[in-house]
Amino acid sequence: MSTPTQTPNVVVQNPNVRKAAGIILGAAGIILGTAVVVDGATAAFDIAEITTPITAGYLCLSSLFDLAVTVPNVPTPRSLLRRDLR
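Parameters at a glance
Residues numbered from 1 in each chain as written. Predicted model: local features only at pLDDT ≥ 70, side-chain atom pairs only at ≥ 80, totals over all residues. Heavy atoms only, no water. Helix = DSSP H or I, 4+ residues; strand = E, 2+ residues; numbered from the N terminus. Buried < 20%, exposed > 50% of the residue type's maximum accessible area, 1.4 Å probe, protein only. Contact = heavy atoms within 4.5 Å. Areas by Shrake-Rupley, 256 points an atom, 1.4 Å probe, with all protein chains shown as cover. pLDDT = per-residue confidence, 0-100. Lys, Arg positive; Asp, Glu negative; His and termini not counted. Salt bridge = Lys/Arg side-chain N within 4 Å of Asp/Glu carboxyl O. Core = buried A, V, L, I, M, F, W, Y, C linked by side-chain atoms within 4.5 Å. Axes fitted to C-alpha atoms, helices over the stretch in contact; angles between N-to-C directions. Parallel < 35°, antiparallel > 145°, perpendicular 65-115°, else oblique. Left-handed = near helix turned anticlockwise from the far one by under 90°. Expected span 1.5 Å × (residues − 1). Polar contact = N/O pair within 3.5 Å; in protein donor to acceptor, adjacent residues only side chain to side chain.

Caption draft 1: Region of interest: the overall build of the protein chain. For the protein chain, the count of helices and strands is three helices and zero strands. When its helices and strands are written in sequence order, the protein chain yields α-α-α. A buried classification covers 14% of the 86 residues belonging to the protein chain. For the protein chain, contacts bridging at least 24 residues in sequence account for 50% of all contacts bridging at least 6. Taken as a whole, the protein chain presents about 6800 Å² of accessible surface, with 67% of it coming from carbon and sulfur.

Caption draft 2: View of the confidence of the model for the protein chain. For the protein chain, the mean per-residue pLDDT works out to 82, and 76% of the residues sit at or above 70. The element-level mean pLDDT for the protein chain is lowest in helix H3 (residues 77–80), coming to 62, with helix H1 (residues 15–41) highest at 93.

Caption draft 3: Representation of the side chain of Asp39 within the structure. In this fold, Asp39 is placed in helix H1. Buried charge Asp39 goes without a salt bridge, the closest partner of opposite sign being Lys19 at 33 Å. When near neighbours in sequence (up to four residues on either side) are disregarded, Asp39 contacts Phe45, Asp46, Ile47 and Ala48.

Caption draft 4: Quick peek at the nonpolar core. Formed by Leu25, Leu32, Tyr58, Phe65 and Val69, the largest nonpolar core amounts to five residues. When contributions to this core are tallied by element, the ones reaching two or more residues are H1 and helix H2 (48–70). A total of three residues in this core trace back to one element, the largest contributor, which is H2. If sequence neighbours within four positions are ignored, Leu32 has contacts with Thr51, Ile54, Thr55 and Tyr58.

Caption draft 5: View of the packing of H1 against H2. Direction vectors running N to C along H1 and H2 enclose 150 degrees, while the axes themselves pass 10 Å from each other. One way to sum up the angle between H1 and H2 is to call them roughly antiparallel. As for how H1 packs across H2, the hand of that crossing is left-handed. Contact with H1, carried on its side by Arg18, Ala21, Gly22, Leu25, Ala28, Gly29, Leu32, Ala35, Val36 and Asp39, involves Ala48, Thr51, Ile54, Thr55, Tyr58, Leu61, Ser62, Phe65 and Val69 of H2 and no other residues of that element.

Caption draft 6: Looking closely at H1. Here H1 contains 27 residues, and its C-alpha end-to-end distance of 39 Å stays within 8% of the 39 Å for a straight helix at 1.5 Å per residue. Considering only its buried residues, H1 is in contact with H2. The N-cap residue of H1 is Asn14: its side-chain oxygen and the backbone nitrogen of Asn16 are 2.8 Å apart.

As structure tokens, then:
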């Protein structure tokens, strides 16, 4: 009999991989968002030709990660209760 895990419905079972992917996607989002804001705020350079397709790809990957990894790992309201309160 297998031991139940804390995240039974998650596509990516390894918590280290989930954490690393979350950190990478989060950092990429911050960097990309900063580049888009700076590009829009200054006329010194125009990198919209680069940031637009990268933003589209990032949003696709981030959404896929959220739907496949983060959402299934969110506990249900019943599991939020302490065992002695059930």
